[in-house]
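Here is how the chains run, residue by residue.
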Amino acid sequence: MTLPWTILPMLGLLIGLTASSAGAADFDPSQVFTQIQRIEWEVLLLYAHGNRKPEMIAPVPVKAELRPRHVWQKTYLILIKLNILRAKHGLPRILPNGLEPVLKLDPALVLEQTQRILTELTILKGRLGITRSIEEPPAARGKRPIDNYNQLHAISLHLDALIGEDIDPSHVFGESMRLFEDASTLLDRLHLPDTAFPPARLADATSHDAQAAAMAVLGEIQRIQADLGLQRTDFSPFLAIPNPRPADIFNLVGLALADLQTVKAALGVEQITPPHRMTRGKTQAHVQQLLGWVARKLSLIQTLRQGGAP
């Protein structure tokens, strides 16, 4: 018997709840990778809508020691793109879920995110009249968080192809506003006066300028992490991209958001980062200026010591 597409998401949720109850020790990056393979195969089915053949997309993998929190944040960016795809088909957007700041993200939370993505894909397929199903992918072995991140990035590029356009500076600006809000929250938590002001907007700013601004934000976050005695991540491999595009800045902003959550958690901030804002008409100059402003806000946090807040 074929189940109607309307109840499949509920079944997926029940499966997710059952899996989550097993405990965090049951989950590892290889299990997440298997779920990500399912996501990729489901996305490839979307090409069938409009009789399109799947595009051959094989991005150069990044080599970095990422952690589950970075993979979780990448899944959030995937959900944003699914929202863009929904809007492309005349469907209302769904607010992506947020996450309470934690020092060390439970890998089970990443698995939960993959289940949410699969549920959204099932709903989207149903709305588009796609009835084909995927086969169950083979169980992955020996995977690490960076493998999951790279595989999600390939899916992200497939979604760009389905949407018909790449991520643009407006989307990067909307995600950068989440950094802005978190930086403001931290200053308020530490009772520090917010004297930061935005840098001058470079009228002819390029993606390289936006990339530099994003790396400056990451640098400030890592400085604060060091003051708090938190583990840091080497993001230099992301600078090896010779000609960064807005999508690459989008990724850097996501990485910054992921690491800023550890700072919030260390300082006892439970406030969840506000959701992504859809904006219009923004340029690389707007992104460069906003990220520069975020870096200046974070630079005001100079009073921390290893082991905790002042």
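Below or above, wherever it landed, is the structure these notes cover. From a predicted model like this one, the values you see are computed outputs, not experimental measurements. (Residues numbered from 1 in each chain as written. Predicted model: local features only at pLDDT ≥ 70, side-chain atom pairs only at ≥ 80, totals over all residues. Heavy atoms only, no water.)

### A look at the packing of aromatic side chains
Working step 1: Applying the stated criterion across every chain, the model contains 4 aromatic pairs.
Working step 2: Measuring from ring centre to ring centre gives 5.9 Å for Y149 and F238, while their planes differ by 85°; the resulting arrangement is edge-to-face. You can see Y149 sitting in helix α5 (residues 145-163) and its partner F238 sitting in the loop between α7 (207-227) and α8 (246-266), a full 89 residues away along the chain. Both residues of the pair, Y149 and F238, count as buried.
Working step 3: Members of the aromatic cluster, each reached through a chain of ring pairs, are Y149, F235 and F238.
Working step 4: The ring centre of Y76 lies 4.1 Å from the NZ or CZ of R178, which sits over that ring.
Working step 5: A cation over a ring is seen here: K282 above F173, with NZ or CZ 4.6 Å from the ring centre. (Phe/Tyr/Trp six-rings, centres within 6.5 Å; stacked < 30°, edge-to-face > 60°. Helix = DSSP H or I, 4+ residues; strand = E, 2+ residues; numbered from the N terminus. Buried < 20%, exposed > 50% of the residue type's maximum accessible area, 1.4 Å probe, protein only. Lys NZ or Arg CZ within 6 Å of the ring centre and 35° of its normal.)

### Describing the side chain of H171
Working step 1: On the secondary structure map, H171 appears in helix α6 (residues 169-189).
Working step 2: Its relative accessible area of 7% is what places H171 among the buried residues.
Working step 3: Apart from the residues lying within four places of it in its own chain, the contact partners of H171 are I84, F250, H276 and M278. (Contact = heavy atoms within 4.5 Å.)

### Quick word on the nonpolar core
Generally speaking, soluble globular proteins have nonpolar side chains that are buried together.
Working step 1: Counting 81 residues, the largest nonpolar core has L179, V217, F238, L291 and L298 as the members making the most contacts within it.
Working step 2: For this core, the secondary structure elements donating two or more residues are α2 (29-46), α3 (68-88), α4 (107-128), α5, α6, α7, α8 and α9 (284-299).
Working step 3: Setting aside its immediate chain neighbours within four residues, L179 contacts V217, V253, A256, L257, L260, L291 and V294. (Core = buried A, V, L, I, M, F, W, Y, C linked by side-chain atoms within 4.5 Å.)

### Remarks on the packing of α3 against α4
Working step 1: Two elements in contact, α3 and α4, have axes separated by 9 Å at closest approach and are oriented at 15°. The orientation of α3 relative to α4 falls into the category roughly parallel. Of the two possible hands of crossing, α3 and α4 adopt the one that is left-handed. Of the residues in α4, those in contact with P68, V71, W72, T75, Y76, I78, L79, L82, L85 and R86 of α3 are P107, L109, V110, Q113, I117, E120, L121, I123 and L124.
Working step 2: Its residues assigned to classes, the contact of α3 with α4 shows 15 nonpolar, 2 polar and 2 charged. (Axes fitted to C-alpha atoms, helices over the stretch in contact; angles between N-to-C directions. Parallel < 35°, antiparallel > 145°, perpendicular 65-115°, else oblique. Left-handed = near helix turned anticlockwise from the far one by under 90°. Nonpolar A, V, L, I, M, F, W, Y, C, P; charged D, E, K, R; others polar.)

### A short note on α6
Structural remark: α-helix, 3.6 residues per turn; residues separated by three or four positions point the same way.
Working step 1: The end-to-end C-alpha separation of α6 is 30 Å, in line with the 30 Å expected for 21 residues at 1.5 Å each.
Working step 2: Where α6 starts, the residue carrying a side-chain oxygen 2.9 Å from the main-chain nitrogen of S170 turns out to be D168.
Working step 3: Two residues or fewer past α6, H191 is found with a positive phi of approximately 55°. (Expected span 1.5 Å × (residues − 1). Polar contact = N/O pair within 3.5 Å; in protein donor to acceptor, adjacent residues only side chain to side chain.)

### Observations concerning the side chain of Q225
Working step 1: Within the secondary structure layout, Q225 lies in helix α7.
Working step 2: Using a relative accessible area of 0% as the deciding quantity, one classes Q225 as buried.
Working step 3: A polar contact of 3.5 Å, which involves the side chain of Q225, links it to the side chain of D259.
Working step 4: If we skip the residues at most four places from it in the chain, Q225 touches R69, L230, Q231, R232, D259, T262 and V263.

### So, the environment of H153
Working step 1: On the secondary structure map, H153 appears in helix α5.
Working step 2: Owing to a relative accessible area of 14%, H153 belongs among the buried residues under this scheme.
Working step 3: For the pair H153 and L77, spaced 76 residues apart in sequence, the C-alpha separation works out to 9.6 Å.
Working step 4: Setting aside anything within four residues of it in sequence, one finds H153 in contact with P59, K74 and N251.
Working step 5: A distance of 3.2 Å separates polar atoms of two side chains, one belonging to H153 and the other to K74.

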